[in-house]
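# Survey of secondary and tertiary structure
In case you want the letters, here they are:
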Amino acid sequence: MSDQYREAVESGVPDPFQYMHPVMRRNYGQWDWHERCRPGVLHHRSVNGDSIWTVRAGTQRQMDTGTIRKLCAIADEYGESHVRFTIRSNIEFMVSDEARVVPLIDKLNDEGFPVGGTGNSVSMISHTQGFLHCDIPATDASGVVKALMDELYEEFVNERMPNRVHISTSCCQINCGGQADIAINIQHTKPPMINHDLVANICERPSVVARCPVAAIRPAIVNGKPSLEVDERKCICCGACYPPCPPMQINDPVNSKLAIWIGGKNSNARSKPSFMKLVAAGLPNKPPRWPEVSALVKKILKCYQEDARDWERVGEWVERIGWPRFFEKTGLPFTRFHVDNWKGAKYTLNHSTHIRF
Amino acid sequence: MTKKQHDTPNLDQLESGPWPSFVTGFKRLAQDKPMMADLLGQLEHSYQNIKGYWKGGTVTVRGYGGGIIPRFSEVADKFPESSEFHTLRVMPAPGMHYDTELLRALCDVWDEHGSGLLALHGQSGDMMFQGCKSENIQAAFDAINELGFDLGGAGPSVRTSMSCVGAARCEHSCFNEAVAHRQVMNSFTDDLHRPALPYKFKFKFSGCPNDCMNSIQRSDMAVIGTWRDDIRIKQDEVRKFVMDKGRDYVQENVISRCPTQCMKLTKDDTLEIDNSNCVRCMHCINVMTKALSPGLDRGVTILVGGKRTLKIGDLFGTVLVPFRKLETQQDYEELVELAETIIDFWAENGLEHERLGETIERIGLTNFLEGIGVEVEPAMVAQPRSNSYARMDAWEEEAEKWRKRQAGKQGA
Ligand code: SF4
Ligand code: SF4
Ligand code: SF4
Ligand code: SF4
């Protein structure tokens, strides 16, 4: 391009129909029912009698163009050149010819893409940025996901959980990974170290003060210069002050631990949507494979698998058996940190004699 | 030009195991991209020191204020080639549909102008073209824009939206997600590209109450498909299902799981539903996919104020509109108008860095409703107030409003 400026076309969100599989386009809004033929495969039938088969495969999300080109080659040769992605970074190949399903699965397996993630399986972990790209990560994201999915591979390619299991990971307490049946969230465990020499030059102090969720930051004069100070007893080490004020150094090599939360549910099926609850904290942040985390996630999954009824999500299962039993079954310690002290905490206490013995 | 590759003993351990390895892909890119060689070096450095090394900054394309996530390395002296590693957030088509020709064209752009590392997709719902130098941002954007794609949101702006696969392939879908998604989002391109709101504002569209897009928990305005008439039942399919699974299974997994106990399995293996007490939870329809489907008088429920943790803790969306039709061009326009009214009110009254749900929490739902001109309805609450410390001397006036509205509804 020459020195002529190209004017941006503010085209916004593009039209999906141009990329959609023709059978999906033709039967848009006219689907009648679906069945799951085997893990990783969905068969949808429209009222017009048309069928489409979907083969779902896991990806690493952070893909090199070579991997994407490889997936394209598979879609051209074994599929019908139309794919889509799910919210959990799985790729879906749609075919209108059932005979393509098995060869497509075989090819995906040969190329190292696991086929699964449907129905009552453990689907791909919802993925954040971590060391690769974020500014306040206490741990990585891609590595945590890879390490865990290696361990949960069999649960991705099988459908043998009571209901679907969504897992998320987050590399700080902002929790970009989101609500999930099981969420693995890192926490910084030390207040930010303030680089006072820089605060005066870089930071708009009122907006940093306003950013803190627990009002722990105060303007202060340090060495004769305007700076900030943190009330360390109040600070919850969330790191929210770092993006507006990089001298609030939250990233720290030693002081971070992982926590596990369970029972988040976004669907309205049966029970109303729910937020996840803390079950364990203090797990070591040990790259590259975080073994203590995988071990505990697998233990919780095992208890759920053995004890929950069909269709119960993790949170619904614990709701039925009660929290004391959950801690008993998993052998996890119950501590004062499990008792909420945030706004609305009183609604999370037991105001009854409903106790299981 | 092959560059010296850094030793990556930690990352190397993530190449084994059955799940696809991002490290293997990064290493392939590092063979011809010095930027990726140094990126791997920095990532390994992070693994060794358990510390992140990126900071933000300001990078944009001409005419826009957002859409790029700038990343500058704090260890550029050690890893100079990846000292700038910005991300372009690019909005995919609703439902994230692609054909292979398009995906290859996007790869071509990215091999030419960027690192070759593409995340499909970020939590924001964008394609994330990760790893671009400041000097290449404009050319990368121009090439992507030529393919018919536009930047997504970043900063205090309307953000990239997401919608489920919905009507394209899912029999549960109760509205045209793709059209609603585009009509709404493409009415806000200015607020998307030029951040000037209190904080982020997210729309999400789910075709039914299964809410595959997590819209109640993750969006400021959630548009969720639902229906008003009866669940459609194919009794012959019900009988087949009962024959196949047995009466006990149906009793235990369908009937007794209904949250309002509004279903009954009759002696002759058919289903009866008290639809006036069904809360449209989707459970029975999810289990008996062939026998049950949503009704035909379809529309959407709209909830507002959902968000993640920062700053006052997670908030669910709250019902704003229990039901409205979404079929005609006028229906879509009214949806856009409602969104505009909400955003205008929030832009005016929200504090800096305050999400809509936090504004509502701070001022109270009724003040918010008054501000946007929406009347209260019992479907907005889980239960009425239980605290008696409230002033209610305008009771008769408010009750009269309700009576008038009810009379109006009956007249209509
Ligand atoms: S969870 Fe925190 S560290 Fe991770 S991507 Fe989100 S904001 Fe960044
Ligand atoms: S880390 Fe969080 S809690 Fe601590 S001072 Fe910063 S914003 Fe406040
Ligand atoms: S939200 Fe409902 S309509 Fe949309 S994909 Fe999920 S189940 Fe289907
Ligand atoms: S959709 Fe839910 S509430 Fe309605 S009948 Fe089925 S199980 Fe009951």
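Residues numbered from 1 in each chain as written. Chains lettered and ligands numbered in written order. Predicted model: local features only at pLDDT ≥ 70, side-chain atom pairs only at ≥ 80, totals over all residues.

Time to look at the domain arrangement of chain A. Partitioning chain A into domains gives domain 1 (16-110), domain 2 (130-189 + 254-348) and domain 3 (193-249). A separation of 50 Å is found between the C-alpha centroids of domain 1 of chain A and domain 3 of chain A. (Domains from an automatic or database assignment.)

Residues and elements named next belong to chain B. Taken domain by domain, chain B consists of domain 1 (9-146), domain 2 (162-226 + 299-384) and domain 3 (232-293). A straight line from the C-alpha centre of domain 2 to that of domain 3 covers 31 Å. The partner domain 3 presents six residues to the six residues of domain 2 that form the contact. Split by residue class, the side of domain 2 that touches domain 3 holds two nonpolar, three polar and one charged. (Contact = placed C-beta atoms within 7 Å. Nonpolar A, V, L, I, M, F, W, Y, C, P; charged D, E, K, R; others polar.)

All right, on to the interface of chain B and chain A then. Contact with chain B, which involves 104 residues of that partner, is made by 99 residues of chain A. If one sorts the elements of the side of chain B that touches chain A by residue count, helix α4 (residues 100-113) of chain B sits on top with seven residues. Partitioned by chemical class, the residues of the side of chain B that touches chain A number 47 nonpolar, 36 polar and 21 charged. By the bridge criterion, three bridges tie strand β5 (residues 82-85) of chain A to strand β5 (residues 97-99) of chain B in an arrangement that is antiparallel. Paired with R84 of chain A across the strands is H97 of chain B, a residue of β5 of chain B. (Helix = DSSP H or I, 4+ residues; strand = E, 2+ residues; numbered from the N terminus. Pairing = 2+ DSSP bridges.)

Attention now goes to the site of ligand 4. For ligand 4, the set of nearby residues contains 14 residues, the closest of which are C258, C278, C281, H283 and C284 of chain B. Of the residues assigned to the shell around ligand 4, the class counts are 11 nonpolar, two polar and one charged. (Near = placed C-beta within 6 Å.)

Burial along strand β6 (residues 117-120) of chain B is two-sided: L117 and A119 of chain B and L118 and L120 of chain B, pointing in opposite directions, are all buried. Pairing of strand β4 (residues 62-64) of chain A with β6 of chain B involves three bridges; the strand directions are antiparallel. The residue of β6 of chain B that forms the bridge with Q62 of chain A is A119 of chain B. Strand direction decides the pairing type here: β6 of chain B and strand β7 (residues 127-132) of chain B, joined by four bridges, are antiparallel. Considered in β7 of chain B, the bridge of L118 of chain B is made with F129 of chain B. Counting the residues in the hairpin turn of β6 of chain B and β7 of chain B gives six residues, including G125 of chain B, whose phi is positive at 95°. (Buried ≥ 20, exposed ≤ 12 C-beta atoms within 10 Å, placed from the backbone.)

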